[in-house]
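# Per-entry structural report
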Amino acid sequence: MTLLENARNGIITDEMKQVAIKEGVSEEFIRQGIAKGEIVLLGSKHHKGVCPVAIGTGLSTKVSASIGMHGAEDSISGEIEKMMTAVAAGTDALMDLSISGDIDGMRKEALAATPKPIGTLPLYQALADAKKKRGSSLKMTVDDLFEVIEKHAAEGIDFLALHCGTTMDIVARAKREGRIDPLVSFGGAHLIGWMIHNEAENPLYENFDRLLEIARKYDVVLSFADGMRPGCLADSLDGAQVHELVVLGELVTRARNAGVQVMVKGPGHVPIDEIETTVKLQKSLCKGAPYFVFGPLVTDSAVGFDHISAAIGGAISAFAGAEFLCYVTPAEHVGLPNKKQVYDGVMASRIAAHAADVAKGLEKAIQWDLEMSQARRNLDWEKQMELSIDPETARRMWKERSDDFSSECTMCGKYCAMKIVSQFLNKDNNMATA
Ligand code: SF4
């Protein structure tokens, strides 16, 4: 039985127990959420030592960081270092999106390097392998693609990103309606290129039952990627994006009927005033499946600072109901991120996730901020550093300004409002006692 079937049959597995403790909710809450498809549990039984992570309704918002080899200058060791940087920054999950080099070796090392759940986009490797084996990515066969999917699942990949809903109909609609930035999804663009060249329907859509058999066999979570992800504000919520979401909603039902856990990936670039509609539409069409959003970026013009643009969009999306934030780094739209940019991207997404969790009323998140406020009132700098989202950076910043933890900070110095007010209040209290 798959995990989803166990949940439906009232069985609480060890993984469900583990995530319930981490989330501070009951085991039954987790079981019911999985049974309804509103929670997915990442943690393949084929991934040795994985620490399961639950994503979905009523749980804390999670963050994922993507790394992977793209060019000749990228190495496995370099990408593993970035991966460990993302882990140190507190990411909940990772994606290995390698498109070149020793992709098998990279995935193997990534799986061994960390207990965090790891996702891949198998199409990338299938296209790269076809280029090596057959001289062109366009010569990839349907069997090539499914063999790679099965290989990733068998090796212990925890979630598979697949553009199952990007059909020919949708491509035709996008062409007919016209987009400012036609395609920005790397996998989506290459898949569509393959479909057009081979005059064939999307093999993931046409052979969806074959995909479900593999997902069932290895009990791996499917993450439906969006080939029509809007890549600029002007394309947000256009016909092609919504049409794909309708198709994905149908596939969510088929996956659940087959006992396969599924989540849905989303945009992209979305103006602030369209974020709530985007999330609510996904929730409605995809029957409450967890929503994994890429950012979203709330402006097209923040090059060099897109992690901030994405954090704004991520916080609003998560407050509106999205549960999983794919990080965006400051290098977005410029190039592959370095370690520092990976770190900053994860931190920005974590702040967005936490801000949304506070607004959603998650007890743990509220308590964290309350403790920080109390430490601030008490001028308890040790405690403030300890409670900071990034204690190391907080301590370093303090030390750049002062060696002394016993007084106010240098912002207002001797005019420290916290100190003056606390002295006044203490005096008042003494008078009252006398
Ligand atoms: S000096 Fe100013 S910023 Fe620093 S703790 Fe006091 S009130 Fe806050």
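Because the structure is a prediction, the values reported are computed rather than measured.

Examined at the domain level, the chain breaks down into domain 1 (61-360) and domain 2 (365-433). Each of domain 1 and domain 2 was reduced to a C-alpha centroid, and the two centroids are 41 Å apart. Every contact between the two is made by seven residues of domain 1 and, on the other side, six residues of domain 2. Here domain 1 and domain 2 share an interface that buries about 620 Å² over both sides, 66% of which is from carbon and sulfur atoms. On the domain 1 side of the contact with domain 2, Arg350, His354 and Val358 bury the most area, a combined 62% of that side's loss.

In this section: the site of the ligand. Residues in contact with the ligand, as listed here, are Leu379, Trp381, Glu408, Cys409, Met411, Cys412, Gly413, Cys416, Ala417 and Met418. Tallied by class, the residues present in the shell around the ligand amount to eight nonpolar, one polar and one charged.

This part covers unusual backbone geometry. Each neighbour pair has its own omega, and for Pro267 with Gly268 the value is 20°, a cis peptide bond. As for its placement among the helices and strands, Gly268 is situated in the loop between strand 8 (262-266) and helix 13 (272-285). Cis peptide bonds are those with omega within 30 degrees of zero, and the linkage from Gly295 to Pro296 qualifies with -10°. With respect to the helices, strands and loops of the structure, Pro296 is situated in the loop between strand 9 (291-294) and helix 14 (306-320). Here Lys287, not a glycine, exhibits a phi torsion of approximately 50°, which is positive. Examined against the element boundaries, Lys287 turns out to sit in the loop between helix 13 and strand 9. Taking relative accessible area as the criterion, Lys287 reaches 38% and is therefore assigned partly exposed. Non-glycine residue Leu379 carries a positive phi angle of around 50°. Structurally, the position occupied by Leu379 is in the loop between helix 16 (363-377) and helix 17 (381-387). With a relative accessible area of 18%, Leu379 lands in the buried category.

Side-chain alternation along strand 1 (residues 39-42) places Ile39 and Leu41 on one buried face and Val40 and Leu42 on a second face that is also buried. The pairing of strand 1 with strand 2 (residues 53-56) spans four bridges and is antiparallel. For Leu42, the partnering residue across the bridge sits in strand 2 and is Val53.

Looking now at the side chain of Gln125. Among the structural elements, Gln125 can be located in helix 6 (residues 122-134). Only 2.9 Å separates the side chain of Gln125 from the side chain of Arg107, close enough to count as a polar contact. Residues in contact with Gln125, not counting those within four places in the same chain, are Ile103, Asp104, Arg107, Val148, Lys151 and His152.

Before going further, it helps to spend a moment on the side chain of Ser309. By the secondary structure assignment, Ser309 is in helix 14. Within the structure, Ser309 has its side chain in polar contact with the backbone nitrogen of Thr299 (distance 3.4 Å). Leaving out residues up to four positions away in the same chain, Ser309 has contacts with Pro296, Leu297, Val298, Thr299 and Ala302.

About the cut-offs
The numbering scheme is per chain: residues are counted from 1 as the chain's sequence reads. A pLDDT threshold of at least 70 governs which residues receive local features in this predicted model, and a stricter bar of 80 or more applies before side-chain atom pairs are shown or counted, although totals over entire chains, interfaces and linings include all residues. Excluding hydrogens and water, the side-chain values take into account all heavy atoms of the structure. For the domain bounds, the source is a domain assignment made automatically or taken from a database. Should any heavy atoms of two residues lie within 4.5 Å, those residues are counted as being in contact. As used here, buried area is the combined drop in accessible area, with a 1.4 Å probe, of two parts when they are placed together. Here a residue is considered near a molecule or strand provided that any single heavy atom belonging to it is located within 4 Å of it. Any residue that is not Ala, Val, Leu, Ile, Met, Phe, Trp, Tyr, Cys, Pro, Asp, Glu, Lys or Arg is counted as polar, Gly included; the first ten are nonpolar and the last four charged. Strands are runs of DSSP state E lasting at least 2 residues, helices are runs of H or I lasting at least 4, and numbering of each runs from the N terminus. Using a 1.4 Å probe on the protein chains alone, a residue whose accessible area is under 20% of its type maximum counts as buried, one over 50% counts as exposed, and one in between counts as partly exposed. Strands were regarded as paired on the criterion that DSSP finds at least two bridges between them. Counted as a polar contact is a pair of N or O atoms within 3.5 Å, where, for protein atoms, one must be capable of donating a hydrogen and the other of accepting one, and residues adjacent in sequence contribute only when both atoms are in side chains.

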